[in-house]
Amino acid sequence: MTAESSGRAAAHDDRQRFALPAGDTAAGRSQPKRRPPHRRAGNPQVLHRVAKGVATFGISLVLVASGYALMVSKAFAEVVFENGASTAAVALLIGCFALPSSRRIALDTRQHLAACVILLATTPWTFELGNQMNDAGIWIAPGLNFVFEILLAIVIYRRLARRSVATQSQ
């Protein structure tokens, strides 16, 4: 019985302890310090890097699609535009942002172009493989090409970053 009464007292004390004051705060009592969160200093190069990245992806998309249209078939070029503009772009973003920021910033435009071209060149092949597996009744096939493209983008960017660090140190 005493444990029950002490439990009620403790719960009542906790409610009072965590309750905000209802009226005016008495003089001498500290007021809560409310400040806005710290803002990062604006980086004017971010917009420039984003525009350069979008342009690099667009150039690589056109390069790979026209290469497939000339060498393989028009259908492969269409798959590059359809699938590349959506899943490959997201996979490239995930692959790039999987790097630490210092390595990501150290990459130059040529390395981003190489990553885009390599990933976009594999896009129709993974898409066709996923369609064949889906037709065969494998339930995981529809998302397999996207997962593969993400993993491939991560590997590509890690290798490019490692290569750039090795060339900078020499």
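1. A word on the packing of aromatic side chains
Line of reasoning, step 1. Tallied over the full model, the rule gives 2 aromatic pairs.
Line of reasoning, step 2. Each ring, one from Tyr68 and one from Phe76, has its centre 5.5 Å from the other, and the planes form 70°; the classification is edge-to-face.
Line of reasoning, step 3. Since its relative accessible area comes to 11%, Tyr68 is described here as buried.
Line of reasoning, step 4. You can call Phe76 buried: its relative accessible area is 13%.
Line of reasoning, step 5. Among the aromatic side chains, those forming a connected cluster through ring pairs are Tyr68, Phe76 and Trp125.

2. So, the nonpolar core
Line of reasoning, step 1. The biggest cluster of nonpolar side chains holds 25 residues, and the ones touching the most others in it are Leu92, Leu119 and Tyr157.
Line of reasoning, step 2. Going through the elements one at a time, helix H2 (45-71), helix H3 (74-97), helix H5 (109-135) and helix H6 (141-169) are the ones with two or more residues in this core.
Line of reasoning, step 3. Each residue touching Leu92, except ones within four places of it in the same chain, is listed here: Phe57, Ala115, Cys116, Leu119, Ala153 and Tyr157.

3. What to know about H3
Line of reasoning, step 1. Counted at 1.5 Å a residue, the expected span for H3 with its 24 residues is 34 Å, and the 32 Å between its end C-alpha atoms agrees.
Line of reasoning, step 2. The sharpest bend along H3 reaches about 55° and sits at Gly84.
Line of reasoning, step 3. Every buried residue belonging to H3 is among Phe76, Ala77, Val79, Val80, Asn83, Gly84, Thr87, Ala88, Ala91, Leu92, Gly95 and Cys96, and all of these are buried.

4. A closer look at the environment of Ala65
Line of reasoning, step 1. Along the chain, the position of Ala65 falls in helix H2.
Line of reasoning, step 2. Placed 19 residues apart in sequence, Ala65 and Gly84 show a C-alpha to C-alpha distance of 9.4 Å.
Line of reasoning, step 3. What Ala65 contacts, discounting residues up to four positions off in sequence, is Ala77, Val80 and Phe81.

5. Remarks on the environment of Val64
Line of reasoning, step 1. Note on placement: Val64 falls in helix H2.
Line of reasoning, step 2. Here Val64 falls in the buried class, since its relative accessible area comes to 9%.
Line of reasoning, step 3. With near-sequence residues (within four places) excluded, Val64 lies in contact with Val80, Val117, Leu120 and Ala121.

6. A word on the confidence of the model for the protein
Line of reasoning, step 1. On average, residues of the protein score 80 in pLDDT, and 76% of them are at 70 or above.
Line of reasoning, step 2. The weakest mean pLDDT in the protein belongs to helix H1 (residues 2-18) at 58; the strongest belongs to H2 at 90.

7. Describing the side chain of Thr123
Line of reasoning, step 1. Along the chain, the position of Thr123 falls in helix H5.
Line of reasoning, step 2. Side-chain polar atoms of Thr123 contact the backbone oxygen of Leu119, separated by 3.0 Å.
Line of reasoning, step 3. Discounting residues that sit within four places of it in the chain, Thr123 has contacts with Val79, Asn83, Gly84, Ala88 and Glu149.

8. Digging into H5
Line of reasoning, step 1. Taking 1.5 Å per residue as the helical rise, H5 with its 27 residues ought to reach 39 Å, and the 39 Å between its terminal C-alpha atoms agrees with that figure.
Line of reasoning, step 2. Where H5 bends most, the angle comes to about 35°, and this point is Thr123, followed within four residues by the proline Pro124.
Line of reasoning, step 3. Looking at the residues trailing H5, positive phi occurs at Gly137, about 95°.

Rules of the game
Residues numbered from 1 in each chain as written. Predicted model: local features only at pLDDT ≥ 70, side-chain atom pairs only at ≥ 80, totals over all residues. Heavy atoms only, no water. Phe/Tyr/Trp six-rings, centres within 6.5 Å; stacked < 30°, edge-to-face > 60°. Buried < 20%, exposed > 50% of the residue type's maximum accessible area, 1.4 Å probe, protein only. Core = buried A, V, L, I, M, F, W, Y, C linked by side-chain atoms within 4.5 Å. Helix = DSSP H or I, 4+ residues; strand = E, 2+ residues; numbered from the N terminus. Contact = heavy atoms within 4.5 Å. Expected span 1.5 Å × (residues − 1). Bend = angle between axes of the 7 residues up to and from the residue. pLDDT = per-residue confidence, 0-100. Polar contact = N/O pair within 3.5 Å; in protein donor to acceptor, adjacent residues only side chain to side chain.

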